[in-house]
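Architecture at a glance
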Amino acid sequence: MVSDLIEANERFRGILDRLSTKSIEDYYNPYRVFEWPETLPENMWWMSPDLTSTHGSEVVRDLGEEQLHRLSKYESVNFYSLNVHGIRELLIEVTRRIHTTDFEAPSEFFHHFIGEENEHMWFFAEFCSRYGHKIYKQPRGGNASVPASEAESLLVFARILIFEELVDYYNAKMAQDTGLHDTIRQVNRIHHQDESRHIAFGRELVAILFDDFRVGASEEELRNVERYLKRYVSYSFESLFNPQVYRDAGIEDPLEFRSTLLNSPTRHEFEQRVFRKPLSYLVKTGIFRDKNLHVA
Amino acid sequence: MTSTAPGTIDAVRDWIVGKHPERSPVDQHIDLIENRLIDSLSFVEFVFVIEKASGTSIDVDTVDIDDFRTLSAIEKAFFPA
Ligand SMILES: [Fe+2]
Ligand SMILES: [Fe+2]
């Protein structure tokens, strides 16, 4: 039982208390805290250049500064849109578990988590609607590839952690980037502050769930977890390369543009850079045997 | 609309086989989703592969999942005869 593991883990219960207290201390009213100018200037970077999907690629040589700015605008709207959809999905999973027997111990923390994520979803959606006049969608279909098994909660929380770490890499950089507009920096800074608690929680919980899972798991089951989560990492990375964004930025063949970028030699370096922290964590905990994402 | 030149369903089949070489040949009528040849993590890429091969753009808001279940259904829905 997950609940027994958590009850018995004094260290984790201490962390839960501390993170919940911190949530209360840091609480802010998101509906008041932001300044939303009527418009944001078009002729600027909306996202740090080295975070845009074309960074380091040959294709940027064909694009002028004006088009790069436009591209960065739509890329940023795509990034916040991914947050909106990612948050919806993680809220569903956490809500499904709060105050159930297994998750009684972290339920106090889950209240903060759910409340904060709802607010994050609001300010990300607000940014998209105000400045991009839309929230990008992604095709969704196919059965959930999380095999319903002993590993289900492990995979769910590992996914949430991977997603939050990906977003946080972008938030932390953009919060610091003095070349960006204050509103953009503020959105990223505030999210980064809240996410540091969520990530600290996720790292602890995923390690506990994995230690429990590995005791009864076969080598084959362990490899399935690794394979699935590695696919999830790449899937998340690839969602940053949205053909709709390229179309909106006036790029001629958006699908071709996307595959050029994803197949370019710089892709792996970019992917490893973005996921450096979670990959180290996943290897350290033994969930991954290595950081290599592209195994046959 | 994309500017990709229309191709054939073979590009879609090749992409699936590339991901699951052990499942080759992929039958026209096999349910790709039930049989886990496509899952939620590969669906996005799958849609792009179909768009690219067919030259049609797919509106994600009005997607009917049954149009994606089999190669035969995909051909009917997205590849003009
Ligand atoms: Fe968040
Ligand atoms: Fe979060």
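Scoring rules and cut-offs
- Residues numbered from 1 in each chain as written.
- Chains lettered and ligands numbered in written order.
- Predicted model: local features only at pLDDT ≥ 70, side-chain atom pairs only at ≥ 80, totals over all residues.
- Heavy atoms only, no water.
- Donors = N, O, S within 2.8 Å, 3.2 Å for Na, K, Ca; no water.
- Helix = DSSP H or I, 4+ residues; strand = E, 2+ residues; numbered from the N terminus.
- Buried < 20%, exposed > 50% of the residue type's maximum accessible area, 1.4 Å probe, protein only.
- Core = buried A, V, L, I, M, F, W, Y, C linked by side-chain atoms within 4.5 Å.
- Contact = heavy atoms within 4.5 Å.
- pLDDT = per-residue confidence, 0-100.
- Tetrahedral: all angles 85-135°; square planar, octahedral: opposite > 155°, others 65-115°.
- Buried area = accessible area lost by both parts, 1.4 Å probe.
- Salt bridge = Lys/Arg side-chain N within 4 Å of Asp/Glu carboxyl O.
- Patch = residues over 30% accessible without salt bridge, like charges linked within 9 Å, V, L, I, M, F, W, Y side chains within 5 Å.
- Areas by Shrake-Rupley, 256 points an atom, 1.4 Å probe, with all protein chains shown as cover.
- Lys, Arg positive; Asp, Glu negative; His and termini not counted.
- Charge placed at Lys NZ, Arg CZ, Asp CG, Glu CD.

Looking up chain B in an unreviewed UniProt entry gives the name Acyl carrier protein, with the organism given as Solihabitans fulvus.

An unreviewed UniProt entry annotates chain A as Diiron oxygenase of Solihabitans fulvus.

**Looking at the coordination of the iron ion (ligand 2)**
Residues and elements named next belong to chain A. In this structure, Glu117 (OE), Glu164 (OE), Glu195 (OE), Glu195 (OE) and His198 (ND1) serve as the protein donors to the iron ion (ligand 2), at separations of 1.8 to 2.3 Å. Spacing between the donor residues of the iron ion (ligand 2) along their common chain follows E-x46-E-x30-E-x2-H. Separation of the iron ion (ligand 2) from the iron ion (ligand 1) amounts to 3.3 Å, with Glu117 serving as a shared donor to the pair. On the criterion of helical spacing, the pair formed by Glu195 and His198 is a turn pair, its members being three residues apart in helix α7 (residues 182–216). Each member of the pair, Glu195 as well as His198, is classed as buried.

**Side note on the nonpolar core**
Ranked by size, the top nonpolar core spans 99 residues in total, and within it Tyr80(A), Phe127(A), Phe157(A), Tyr170(A) and Leu229(A) carry the most contacts. The greatest single-element share of this core, amounting to 14 residues, is contributed by helix α6 (residues 152–176) of chain A. Filtering out sequence-adjacent residues up to four positions away, Tyr80(A) remains in contact with Phe124(A), Phe127(A), Cys128(A), Met174(A), Ile184(A), Val187(A) and Asn188(A). In terms of nonpolar packing, the next biggest core, distinct from the first, is built from 21 residues, Ile9(B), Leu37(B), Val49(B) and Ala53(B) among them.

**Some points on the confidence of the model for chain A**
Taken as a whole, chain A shows an average pLDDT of 94; of its residues, 98% reach a score of 70 or greater. For chain A, helix α1 (residues 2–8) of chain A is the element with the lowest average pLDDT, namely 83, and helix α12 (residues 276–284) of chain A is the one with the highest, namely 98.

**Considering the coordination of the iron ion (ligand 1)**
Residues and elements named next belong to chain A. Distances from the iron ion (ligand 1) to its protein donors, namely Glu117 (OE), His120 (ND1), His191 (NE2) and Glu195 (OE), fall within the range 2.2 to 2.4 Å. Taken together, the four donor atoms coordinating the iron ion (ligand 1) span angles of 85 to 155° at the metal, a pattern that classifies the geometry as irregular. Considered as a linear motif, the donors of the iron ion (ligand 1) on their single chain read E-x2-H-x70-H-x3-E. Among the residues examined, His120 registers a relative accessible area of 0% and is labelled buried.

**Some details on the interface of chain A and chain B**
Taken together, the contacts link 23 residues of chain A with 20 residues of chain B. Carbon and sulfur atoms supply 56% of the area buried between chain A and chain B, which totals about 2000 Å² over both sides. Considering only the surface of chain A that becomes buried against chain B, Pro139(A), Asn143(A) and Leu255(A) emerge as the three largest contributors, covering 31% of it. Here Lys52(B) makes a salt bridge to Glu256(A), at a shortest N to O gap of 2.6 Å.

**Side note on the side chain of Asn78(A)**
For Asn78(A), the position within the fold is in helix α4 (residues 65–97). Here Asn78(A) is in contact with Tyr136(A), Ser239(A), Leu240(A), Asn242(A) and Val245(A), once residues within four sequence places are set aside.

**Here we look at a negative patch on the surface**
On the surface, Glu150(A), Asp212(A), Glu220(A) and Glu221(A) cluster together into a negatively charged patch. Along the chain, Glu221(A) falls in helix α8 (residues 219–238).

**A word on the pattern of salt bridges**
Counting across every chain of the model gives 30 salt bridges over all chains. Arg197(A) is the partner of Asp26(A) in a salt bridge, and the nearest nitrogen-oxygen pair spans 3.2 Å. Of the two residues, Asp26(A) is situated in the loop between α2 (10–25) and α3 (30–33) and Arg197(A) in helix α7; the sequence distance between them amounts to 171 residues. Overall, Asp26(A) belongs to the partly exposed group, its relative accessible area being 32%. For Arg197(A), a relative accessible area of 4% puts it in the buried group. Ionic pairing is found between Arg231(A) and Asp39(B), a salt bridge with its closest N-O pair at 2.7 Å. Residue Arg231(A) is located in helix α8, and its partner Asp39(B) is located in the loop between α1 (10–19) and α2 (43–54); the two belong to separate chains. Among the residues examined, Asp39(B) registers a relative accessible area of 8% and is labelled buried. By sharing partners, the salt bridges in this structure join Glu219(A), Arg223(A), Glu226(A), Lys230(A), Arg289(A) and Asp290(A) into a single network.

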